[in-house]
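A structural walkthrough
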Amino acid sequence: MLDPKSRISGYKPEDVIILDTETTGIGKEDEIIQLSGIDGYGREVINIYLKPERKVSWPEAERVNHISPMIVSNANTISSIRTQLQNFLNSYKCIVGYNIKFDIRMLNQSALNVSHMAVIDVMPMYVKHYGTYKNGKLTAKLVEAAEHYGYNYDAHDSLEDVRATLVVLENLMRENLCQ
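The text that follows walks through the structure, step by step, so that each part is easy to find. (Residues numbered from 1 in each chain as written. Predicted model: local features only at pLDDT ≥ 70, side-chain atom pairs only at ≥ 80, totals over all residues. Heavy atoms only, no water.)

**A closer look at the packing of aromatic side chains**
Taken as a whole and judged by the stated rule, the model has five aromatic pairs. Consider the rings of F88 and Y92, whose centres lie 5.4 Å apart with planes at 70 degrees: the pair is edge-to-face. Among the residues examined, Y92 registers a relative accessible area of 8% and is labelled buried. Here the aromatic cluster, defined as three or more aromatic residues joined through ring pairs, consists of Y126, Y130 and Y149. (Phe/Tyr/Trp six-rings, centres within 6.5 Å; stacked < 30°, edge-to-face > 60°. Buried < 20%, exposed > 50% of the residue type's maximum accessible area, 1.4 Å probe, protein only.)

Written out as structure tokens, the structure reads:
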């Protein structure tokens, strides 16, 4: 949990959503199949599965996130709850994530708008100080960043990923490395 006296770029913990998605893939036609978020206090504020509207299978993504078509078969489609989701997102002033640009792109592909929010991506902050070179690029996966701080978890479940993101962010803030 973020110290209630602390601020992320001037935002109170209750104004912040730490968000993550699991998807059918990474392309322009892929869809969100799990959406999770916690606030700056670490309280779960959303954790839902979504049934894709175009995809009927996603074997490569399923191998990573273990979300099968059967798991989401009775879930709402994003279009059936889009207004409620947009209203929910509108209640936050700041969106935080690990490689959050991907999640924002997936939200946008789903016709959800977060342009009203300040954006904080924890990944470049962590990579700047602790990343490793892979294929000539400085990088670090969330699971690596979490392990760096002694936090082990079930990666590629969006609720678990947001909790790990908060752990990494809290530690970077304690180390004064959030530049």
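**Considering the sheet that holds strand β1 (residues 16–23)**
Reading across the sheet, the five strands line up as β3-β2-β1-β4-β5 and stay open at both edges, with mixed pairing between neighbours. Each having just a single partner strand, β3 (44–49) and β5 (118–121) make up the two edges of the open sheet. On average, each strand axis in the sheet is tilted by 25 degrees relative to the strand beside it, whichever way the strands run. Set on the sheet, helix α5 (residues 122–130) makes contact with β4 (94–97) and β5; between it and β5 the angle comes to about 35 degrees. (Pairing = 2+ DSSP bridges. Helix = DSSP H or I, 4+ residues; strand = E, 2+ residues; numbered from the N terminus. Axes fitted to C-alpha atoms, helices over the stretch in contact; angles between N-to-C directions. Contact = heavy atoms within 4.5 Å.)

**A word on the environment of E160**
Mapped onto the fold, E160 is located in helix α7 (residues 158–174). Separated by 46 residues in the primary sequence, E160 and V114 have C-alpha atoms spaced 22 Å apart. Sequence-distant contacts of E160, defined by excluding residues within four places in its chain, comprise Y151, Y153 and D154.

**Examining unusual backbone geometry**
Residues other than glycine predominantly adopt negative phi, and peptide bonds predominantly adopt the trans conformation. Positive phi, normally seen in glycine, also occurs at A111, with a value near 65 degrees. The phi torsion at H156 lies on the positive side, around 70 degrees, for a residue other than glycine. Tracing the backbone through its elements, the reader meets H156 in the loop between α6 (142–148) and α7. We classify H156 as partly exposed; its relative accessible area is 37%.

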